[in-house]
Every structure is written in structure tokens, then in C-alpha cells.
Amino acid sequence: AMLRPSMLPIVNAMNEFDRRITHEGCGEIDQVRYELLKSLTDEANRCVELGYELLLKMCKSKASSTEFVVGTFSRSSTLKSILKRIIDSSDKVSAKVRVVCSQSTPGDEGILMATDIPS
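Residues numbered from 1 in each chain as written. Predicted model: local features only at pLDDT ≥ 70, side-chain atom pairs only at ≥ 80, totals over all residues. Heavy atoms only, no water.

J.: Looking at this structure, how should I read the overall build of the chain?
T.: Within the chain, the regular secondary structure consists of 4 helices and 2 strands. N-terminal to C-terminal, the α/β element order of the chain is α-α-β-α-β-α. For the chain, the residues scored as buried account for 23% of the 119 residues in total. For the chain, the computed accessible surface area is about 8,400 Å², with 56% contributed by carbon and sulfur atoms. (Helix = DSSP H or I, 4+ residues; strand = E, 2+ residues; numbered from the N terminus. Buried < 20%, exposed > 50% of the residue type's maximum accessible area, 1.4 Å probe, protein only. Areas by Shrake-Rupley, 256 points an atom, 1.4 Å probe, with all protein chains shown as cover.)

J.: What am I meant to see in the pattern of salt bridges here?
T.: Charged atoms that come close allow side chains of opposite charge to pair. Tallied over the full model, the rule gives 7 salt bridges. One salt bridge in this structure joins Asp42 and Lys38, with 2.8 Å as the shortest N-O distance. Of this pair, Asp42 and Lys38 both sit in helix α2 (residues 29-61), 4 residues apart, roughly one helical turn. Accessibility expressed as a relative area gives 39% for Asp42, which makes it partly exposed. With a closest N to O distance of 2.7 Å, Asp116 and Arg75 form a salt bridge. Highlighted residues: Asp116 in helix α4 (residues 109-116) and Arg75 in the loop between β1 (67-72) and α3 (77-88), separated in sequence by 41 residues. Relative accessible area serves as the criterion here: at 17%, Asp116 is assigned to the buried category. (Salt bridge = Lys/Arg side-chain N within 4 Å of Asp/Glu carboxyl O.)

J.: Even after reading the chapter, I still don't get unusual backbone geometry, so can you show me in this structure?
T.: Where the residue is not glycine, phi is negative for most of them; where a peptide bond is considered, it is trans in most cases. The backbone of Asp108 shows a phi angle near 55 degrees, a positive value even though the residue is not glycine. In this fold, Asp108 is placed in the loop between β2 (96-101) and α4. Among the residues examined, Asp108 registers a relative accessible area of 27% and is labelled partly exposed.

J.: Help me understand α4 in this model?
T.: Taken together, the buried positions of α4 are occupied by Glu109, Gly110, Met113 and Asp116. Across the axial projection of α4, the buried residues extend over an arc of 115 degrees, all falling on one side. Looking at the buried side of α4, the elements it contacts are β1, α3 and β2. (Arc of directions from axis to C-beta. Contact = heavy atoms within 4.5 Å.)

J.: Help me understand the pairing of β2 in this model?
T.: A regular strand carries its side chains on alternate faces of the sheet. Here β1 runs beside β2; their pairing, made up of 6 bridges, is parallel. If you follow Thr72 over to β2, its bridge partner there is Cys101. Between the parallel pair β1 and β2, the chain is carried across by α3, and the sense of this crossover is right-handed. (Pairing = 2+ DSSP bridges. Right-handed = clockwise from strand over helix to strand, strands pointing away.)

J.: I tried to follow the nonpolar core on my own but got confused; where do I start?
T.: Soluble globular proteins tend to pack their nonpolar side chains together in the buried interior. With 16 residues, the main nonpolar core has Leu55, Cys59, Phe68, Leu83, Ile86 and Val97 as its most contacted residues. Broken down by secondary-structure element, the contributors of at least two residues to this core are α2, β1 and α3. Looking at which element gives the most residues to this core, the answer is α2, with 5 residues. Sequence-distant contacts of Cys59, that is, excluding residues within four places in its chain, are made with Phe68, Ile86, Val93 and Val97. (Core = buried A, V, L, I, M, F, W, Y, C linked by side-chain atoms within 4.5 Å.)

Written out as C-alpha cells, the structure is:
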């Protein structure tokens with residue numbers, strides 16, 4: 001199967017784990033695993049925060065609008081977290097946030113994404 005771009009950080013972490021353990025003999029396996037998982041988690045959280053702040057800024061710039069629509073045809077936990085945060089922040093923006101998800105065949109990622117986020 002072909003790797004999706006969102007899988008690249010995981011592959012990079014696996015390669016870094018292999019490099020540290022096999023080629024450099026750096027520390028205990030559990031410690032290296034902990035450090036790499038923490039790094040991945042920190043980076044994912046940073047991406048969510050950046051995405052949320054960008055959408056919030058866009059929503060606020062449309063202050064005279066009654067609705068702010070976000071469209072997606074993909075499904076990811078990062079996107080899901082960003083969209084949930086922006087929907088939950090409706091008190092910070094005057095516009096109602098709506099998310100439109102396309103079907104995205106053959107994997108139906110859009111349909112699955114639509115079920116992942118609150119309506």
C-alpha cells in the first residue's frame with residue numbers, strides 16, 4: 001500500500017528509533033521509544049493548535065457573516081481535533097461554523113469524517 005503523507009512522521013520516527021538503537025546504541029529501548037512518542041505527540045498537538053488558531057482567525061475576519069464553512073474530503077485525527085475545537089469555540093466567533101465533507105470514494109474518508117465530528 002502507498003503511504004499517505006500523514007503517515008510520514010510515523011515512518012520517520014521508526015527510522016529514527018532504528019538509527020538510535022541499531023547504529024548508535026543510544027540508551028535503553030524504552031527510553032528511546034518514550035522520547036520519540038513524546039516528540040510525535042508534541043508535534044501533533046502543535047499542528048492542531050496552529051490549525052485551530054488559523055481557522056479561528058479566519059472566522060473572526062468574517063465577523064459580519066452568519067456562517068463560516070470549512071470543506072474537507074479527507075479524514076485524519078489532526079483535522080478532526082482542529083474541527084472539533086473550532087466548533088466548540090463558537091462562543092468566540094459570531095458566525096456558525098459548518099463543516100462540509102465530500103464522499104471521497106473509494107475509501108469514503110469524507111463520509112467517515114462527517115461521522116467523526118459533531119453536527
